[in-house]
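Notes for the structure review
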Number of protein chains: 2
Amino acid sequence: MDLSHRKAVKTVTFTDQSGKPLAGRRISIRQKEHAFLFGCGGFDFIPYVSKGDREYKQVTDSWLEIFNYATLPFYWGNYEPEEGRTDFDSIMKTAAYLKDKGVKVKGHPLCWHTECAKWLMDYDNDTILKKQLERIDREVSGYAGIIDMWDVINEVVIMPIFDKYDNAVTRICKDKGRVGLIKEVFARAHESNPDALLLLNDFNTTIDYEILIDGCLNAGVPIGAIGIQSHQHQGYWGREKLEEVLERFSHFGLSIHFTENTLISGDIMPAYIEDLNDWQVDEWPTTPEGEERQAREIEEMYRILFANPHVEAITSWDYRDGGWLKAPSGYIREDNSLKPSYEMLKGLVKKEWWTDTEITTDENGRAGVEAFKGQYSIDSDNLHADTDFVDNSEQTVVLDAV
Amino acid sequence: MDLSHRKAVKTVTFTDQSGKPLAGRRISIRQKEHAFLFGCGGFDFIPYVSKGDREYKQVTDSWLEIFNYATLPFYWGNYEPEEGRTDFDSIMKTAAYLKDKGVKVKGHPLCWHTECAKWLMDYDNDTILKKQLERIDREVSGYAGIIDMWDVINEVVIMPIFDKYDNAVTRICKDKGRVGLIKEVFARAHESNPDALLLLNDFNTTIDYEILIDGCLNAGVPIGAIGIQSHQHQGYWGREKLEEVLERFSHFGLSIHFTENTLISGDIMPAYIEDLNDWQVDEWPTTPEGEERQAREIEEMYRILFANPHVEAITSWDYRDGGWLKAPSGYIREDNSLKPSYEMLKGLVKKEWWTDTEITTDENGRAGVEAFKGQYSIDSDNLHADTDFVDNSEQTVVLDAV
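What comes next concerns the included structure. All figures in this text were calculated on a predicted structure; none of them were measured in a lab.

1. As for the environment of Pro47 of chain A
All names here are of chain A. Tracing the chain through its elements places Pro47 in helix α1 (residues 45-51). Judged by relative accessible area, which is 16%, Pro47 ranks as buried. Measuring from C-alpha to C-alpha, the distance between Pro47 and His190 comes to 30 Å, with 143 residues separating the pair along the chain. Beyond its immediate sequence surroundings of up to four residues, Pro47 is in contact with Gly52, Asp53 and Tyr56.

2. Remarks on the sheet that holds strand β8 (residues 225-231) of chain A
All names here are of chain A. Strand order around the closed barrel formed by 8 strands is β3-β4-β5-β6-β7-β8-β9-β10, with parallel pairing between neighbours. Shown here is a sheet whose adjacent strand axes are inclined to one another by a mean of 25 degrees, direction ignored. Note: strand β6 (residues 149-154) against strand β7 (residues 197-202), 5 bridges, orientation parallel. Its bridge partner lying in β7, Trp150 is registered against Leu198.

3. Topic: the side chain of Thr262 of chain A
Residue and element names in this part refer to chain A. With respect to the secondary-structure elements, Thr262 resides in strand β9 (residues 255-262). In this structure the side chain of Thr262 is engaged in a polar contact, spanning 2.8 Å, whose partner is the side chain of His231. Aside from chain neighbours lying at most four places away, what touches Thr262 is Ser230, His231, Gln232, His233, Trp317 and Ser329.

4. Quick notes on the interface of chain A and chain B
Every contact between the two is made by 15 residues of chain A and, on the other side, 15 residues of chain B. Buried surface at the junction of chain A and chain B, both sides included, amounts to about 1400 Å², of which 57% is carbon and sulfur. Between the two partners, chain A and chain B, sit 0 salt bridges. The tally of links between chain A and chain B comes to 6 residue pairs in polar contact (both at pLDDT 80 or more). Breaking the side of chain A that touches chain B down by element, the ones donating at least two residues are α7 (178-192) and α8 (207-218) of chain A. If one sorts the elements of the side of chain A that touches chain B by residue count, α8 of chain A sits on top with 7 residues. Taken together, the residues that form the side of chain A that touches chain B break down as 7 nonpolar, 4 polar and 4 charged.

5. Re the nonpolar core
Among the nonpolar cores identified, the biggest contains 228 residues, and Phe14 of chain A together with Phe14 of chain B are the most heavily contacted of them. By size, the runner-up hydrophobic cluster in this structure holds 8 residues, among which are Ile264, Met269, Leu276 and Ala327 of chain A.

6. Quick look at the pairing of β8 of chain A
Residues and elements named next belong to chain A. Within β8, 7 of the 7 residues are buried, which leaves it mostly tucked inside the rest of the structure. Side chains Ala225, Gly227, Gln229 and His231 of β8 all project onto a buried face; the interleaved residues Ile226, Ile228 and Ser230 project onto the opposite face, where all are buried too. When β7 meets β8, the two strands line up parallel, connected through 4 bridges. Bridge assignment links Leu199 to a residue of β8, and that residue is Ala225. In this fold, the crossover linking β7 to β8 by way of α8 has right-handed handedness.

About the criteria used
Residues numbered from 1 in each chain as written. Chains lettered and ligands numbered in written order. Predicted model: local features only at pLDDT ≥ 70, side-chain atom pairs only at ≥ 80, totals over all residues. Heavy atoms only, no water. Helix = DSSP H or I, 4+ residues; strand = E, 2+ residues; numbered from the N terminus. Buried < 20%, exposed > 50% of the residue type's maximum accessible area, 1.4 Å probe, protein only. Contact = heavy atoms within 4.5 Å. Pairing = 2+ DSSP bridges. Axes fitted to C-alpha atoms, helices over the stretch in contact; angles between N-to-C directions. Polar contact = N/O pair within 3.5 Å; in protein donor to acceptor, adjacent residues only side chain to side chain. Buried area = accessible area lost by both parts, 1.4 Å probe. Salt bridge = Lys/Arg side-chain N within 4 Å of Asp/Glu carboxyl O. Nonpolar A, V, L, I, M, F, W, Y, C, P; charged D, E, K, R; others polar. Core = buried A, V, L, I, M, F, W, Y, C linked by side-chain atoms within 4.5 Å. Right-handed = clockwise from strand over helix to strand, strands pointing away.

Listed below in structure tokens is the structure:
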């Protein structure tokens, strides 16, 4: 497996603050963070941070040992249950906490037909669209600097033909067409925060989604990354499908985020279920064999995705078992104990794909460095520097007295 | 069935050449041509017109009794079998002949992965694209005034994933993407003849094609009409599917052409065949029961399409049995005898949906006219005029001495 695209391989010159090369010195190169986004749903941080719910301390502590990228919920119906009354305070507090911990935050989603605000349906379609765009401006401007990544619009392939229940967003998508609505919501998000990374996100990985992306790009929609959901409650996709999906979505040349990954550690949902939400069970236990399988499948999947140069993020959906659909889909059990998948993924992220090494400089203070892309702490005796290694260009690192 | 959108309903003032109202006169209103495009493959005109092949006289004579719209072939591999040696003379002669007979001509197609020129594969992709665009310019400019309707690009949904054999157009579609290639070929066609009606044409009528059109329109592609193929060798779509397809493709607000319609009068091709071209038979006989069924199905289909205001053209594919796939898909048999479908369609086009009437003017030379949209001959004693009735606005018709 070629991981050269994940590494910075370069010659580095180490100097002291005066610019004098640190010749013939042992230098410790310790990774602090990945450039790659290892993500997970960050929903459990909300009760902990905003309400101080101690039950979640253990949950969020173990979460932070692996992940550097969190998805926070912006479902309109929950975020603004009555028009004008939003959940701003608790979400902002949580996002700021995560940022302070070095975790990047993505808001999910700004426009979606599911979990949509019911009160919107009292308005005519022109007003719904106006309020949708104002909503986008409010969140994207309001959180700028704290949240600079957004799932702008979710599941557009099905959006105008979604017929399980009436909702405001399907109405306007029927009116504007898929690409027409995508253009409007992306334009407003981009205007509200030109530096934000904006994602289109879908569970549909067929030719439908390819053609939709193709049309959007030709129509000038500023898509920053292609979001691909991969909820695998009905069984692991496997290497062949993963590689086939990667091949088809790589040719756009955009970065790819696996935005919502689920692999479960219990019985598999039957294949005849079309909408996963239709599978309602009282309990869905995790099993020892299921946990071993889940860990194996997650490992294979992460290895395949990490090996593809277009993939810049992998986000698992639930962190703890018993979340969406009560599925055993987490890295920890409902009692917060760590599952095999947790230990496996931590091993990949913080050991196998992690750089913690020492090098010795030559008489000019130079040394070759090969390091997984990310943020580093550089130390030599009582000298220290923080630096990023993210490419293969030559670099000088200036160490200060601690 | 509401056909009001197919009719001009208006008050007309009839005058003589001096402007004097023709008061209290009997006026004959005789339709000469439909505004609606009743089309059919015009391939059989080529041997008749360009080579004087008398075998085709009977074929083309009966063709002209029903149709006013012909598709002529521009398959690149046949049209230009060696680079630079084209079939211009015979096609131009045929197109001019049809135009002289009052028949509009559409060229089919300018870009397609099937029937593509083999010699193109000797070039690199940049050169293939350059030659594709030059080819478009050559035909669209070269036939302007004689052919002003073009299937610019054919079957794009499958184009980049078509894998039955290597070909030059699939190669460039993979490079440019679907919408990227559509943009280029439409831009060149539009530049070469800004007055031409430009069609996107596909056999795929799923959500794929909808999303493709949506993307193209948002990307500014000058699509003049949506082309929908309907080769029904495997059985008649039926009312429900027809209405469902019409509903899904009407919402773009563009005109719709049913570009390639086939209903057969023999055994149905088995449903397991995926690519119709895979069904190769020695003979495919027409049967009396099949001919009655074909006539019934064509009638129902034409009635449904004519009733939809977005449909502006219906083109049958083969005029004579034994054409594509040897199917009994024509309006005439292989011995040129007329089938029930011929008599049925002629009855619709030239009788039921045709206006041939007399009215009497009032003291101001005025009379109400209700006429299927099209070209008319207006006669009263020795006075005559040619005019069009195409809308509901008031109109004055000036009659001249014959």
